[in-house]
Amino acid sequence: MSPPLVRFEGVSKRFGGTVAVEDVSLDIQEGEFFALLGPSGCGKTTLMRLLAGFEAPDAGRILLDGRDIAALPPHRRPVHMMFQSYALFPHLSVAQNVAFGLKGLPKAAAAARVEEMLALVRLDGLGARKPHQLSGGQQQRVALARALAPRPRILLLDEPMAALDRKLREETQLELMALQRRLAMTFMIVTHDQDEAMVVADRMAVMQSGRLAQVGPPRELYERPASRAVARFIGEVNLFGDQAVRPESITLHRQPQPDALAGTVTDYAYLGDRTRYLVQTEAALVKATAPGAPTFSSGDQVWLTWPTDAAVRLER
Ligand code: ATP
């Protein structure tokens, strides 16, 4: 079997007394869309910077195609890191920005590659503009074209959609996925937005205090979280002792039911496609969602049930 495209092997990184990344081992396969998710300061960006070569690990190794890349400076690694701020050169045109990483190529070949990249991100005809003459979404696409032009093996995206408003963000997520599939490239994205990670990623890792708390396909992390922390971080969850139950698994009834939890609706919010309820029971405040418009209101006495297999037992 061929080695994974990237392998982190027991990688750690400290800054003075702060542990940014601790003993991380992780494989990323060629062609994967991988998301790193976690709260602010958990080490996501540092892990990416280690792969890009902007930081050196204190312990462990990073392998690319099975080879240790410690000795390779950032510009020699077949890795491109695209920053949140896009870092476009304001005095250069769009085309010159995209051509920036193509310095080794003959002029005609570079010009052809720039055209190809601008077409890829649907910016044909805008090559002569300066970055400030573009919308935020267009600037993001220039950064993407510039990143992809030198054909990196892996593209690292650090919060690539942070500067976009919600609607544009959702469109951009879909575009990014389509682009990644079309190019059959490996993308690694850092985000603190769980919905974004779930939309785009084939697999994701939740990081916590420098460590990987869980790695797997989005559905596995959502349906089978390994710990309370992961369950809480991905989506909404109710914790009953060592059991986790998602709000959408809970049904509200008007009449008493066998084995139901009795409570009172204290609040509800209509979200268009569903209604979110808060129900005060003796033991806890329970979150429940039901499809469609509200059918209960505040003060209603209700009984809550959920299928047995909807309760996930958490070890930690
Ligand atoms: P965010 O989502 O806020 O960007 P993150 O998960 O990307 O956070 P990192 O930027 O990797 O987190 O930071 C991890 C930890 O390392 C934090 O405690 C941070 O303060 C610290 N850290 C990162 N870079 C440096 C540095 N150059 N010098 C000192 N401490 C640093």
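A quick note: this is a predicted structure, and the numbers were derived from the prediction, not measured.

Colleague: I'd like a description of the overall build of the protein chain, backed by residues and values.
Modeller: For the protein chain, the helix and strand inventory stands at 8 helices and 18 strands. Its C-alpha atoms put the protein chain at 75 × 45 × 40 Å along the principal axes. The 316 residues of the protein chain split such that 44% are buried. Of the contacts made within the protein chain by residues no fewer than 6 positions apart, 65% connect residues no fewer than 24 positions apart. Entry remark: accessible area of the protein chain is about 15600 Å², with carbon and sulfur atoms responsible for 51%.

Colleague: Hey, could you go over the pattern of salt bridges for me, with residue numbers and the actual values?
Modeller: Between side chains of opposite charge, a pair can form when the charged atoms approach closely. Taken as a whole, this structure holds 20 salt bridges when the rule is applied. Here R203 and E32 are joined by a salt bridge, their closest N and O atoms 2.4 Å apart. Of the two residues, R203 sits in strand β9 (residues 203-208) while E32 sits in the loop between β2 (18-28) and β3 (33-37), which places them 171 residues apart along the sequence. A salt bridge links E55 to R49, with the nearest nitrogen and oxygen atoms 3.3 Å apart. Its relative accessible area of 19% is what places E55 among the buried residues.

Colleague: Which residues make up unusual backbone geometry, and what values go with them?
Modeller: Phi at A184 is positive, roughly 50 degrees, even though this residue is not glycine. Within the secondary structure layout, A184 lies in the loop between α5 (166-183) and β8 (186-191). Although it is not a glycine, S209 sits at a positive phi angle of roughly 45 degrees. Summarising the element assignment, S209 is placed in the loop between β9 and β10 (211-216). For S209, a relative accessible area of 59% translates into the label exposed.

Colleague: Report on the sheet that holds strand β18 (residues 311-313), specifying residues and quantitative values.
Modeller: Across the sheet, which stays open at both edges, the 3 strands sit in the order β11-β12-β18 with antiparallel pairing between neighbours. Both edges of this open sheet fall to β11 (238-240) and β18, since each of them pairs with a single strand only. Sheet twist, expressed as the average angle between the axes of neighbouring strands with direction ignored, equals 30 degrees. Sheet analysis places β11 next to strand β12 (residues 243-245), joined by 3 bridges and oriented antiparallel. Bridging across to β12, L239 finds its partner in A244.

Colleague: Could you give me a rundown of helix α1 (residues 44-52), with the residues and numbers involved?
Modeller: Of all 9 residues in α1, 7 are buried, a share of seventy percent or more. Those residues of α1 that fall on the buried side of the exposure criterion are K44, T46, L47, M48, L50, L51 and A52.

Colleague: Any chance you could break down the site of the ligand for me, citing the residues and the numbers?
Modeller: Taken together, F15, T18, A20, P39, S40, G41, C42, G43, K44, T45 and T46 form the complete shell of residues around the ligand. Contacts to the ligand include C42, whose backbone N or O atom sits 3.1 Å from an oxygen atom. At a separation of 2.8 Å, an oxygen atom of the ligand approaches a polar side-chain atom of K44. For the ligand, whose accessible area on its own is 630 Å², the fraction buried by protein is 58%. Those elements that provide at least two residues to the shell around the ligand are β2 and α1. Ranked by residues supplied to the shell around the ligand, first place goes to α1 with 3 residues. Each residue belonging to the shell around the ligand can be placed in one class, and the counts come to 4 nonpolar, 6 polar and 1 charged.

Thresholds applied
- Residues numbered from 1 in each chain as written.
- Predicted model: local features only at pLDDT ≥ 70, side-chain atom pairs only at ≥ 80, totals over all residues.
- Heavy atoms only, no water.
- Helix = DSSP H or I, 4+ residues; strand = E, 2+ residues; numbered from the N terminus.
- Buried < 20%, exposed > 50% of the residue type's maximum accessible area, 1.4 Å probe, protein only.
- Contact = heavy atoms within 4.5 Å.
- Areas by Shrake-Rupley, 256 points an atom, 1.4 Å probe, with all protein chains shown as cover.
- Salt bridge = Lys/Arg side-chain N within 4 Å of Asp/Glu carboxyl O.
- Pairing = 2+ DSSP bridges.
- Axes fitted to C-alpha atoms, helices over the stretch in contact; angles between N-to-C directions.
- Near = heavy atom within 4 Å.
- Polar contact = N/O pair within 3.5 Å; in protein donor to acceptor, adjacent residues only side chain to side chain.
- Nonpolar A, V, L, I, M, F, W, Y, C, P; charged D, E, K, R; others polar.

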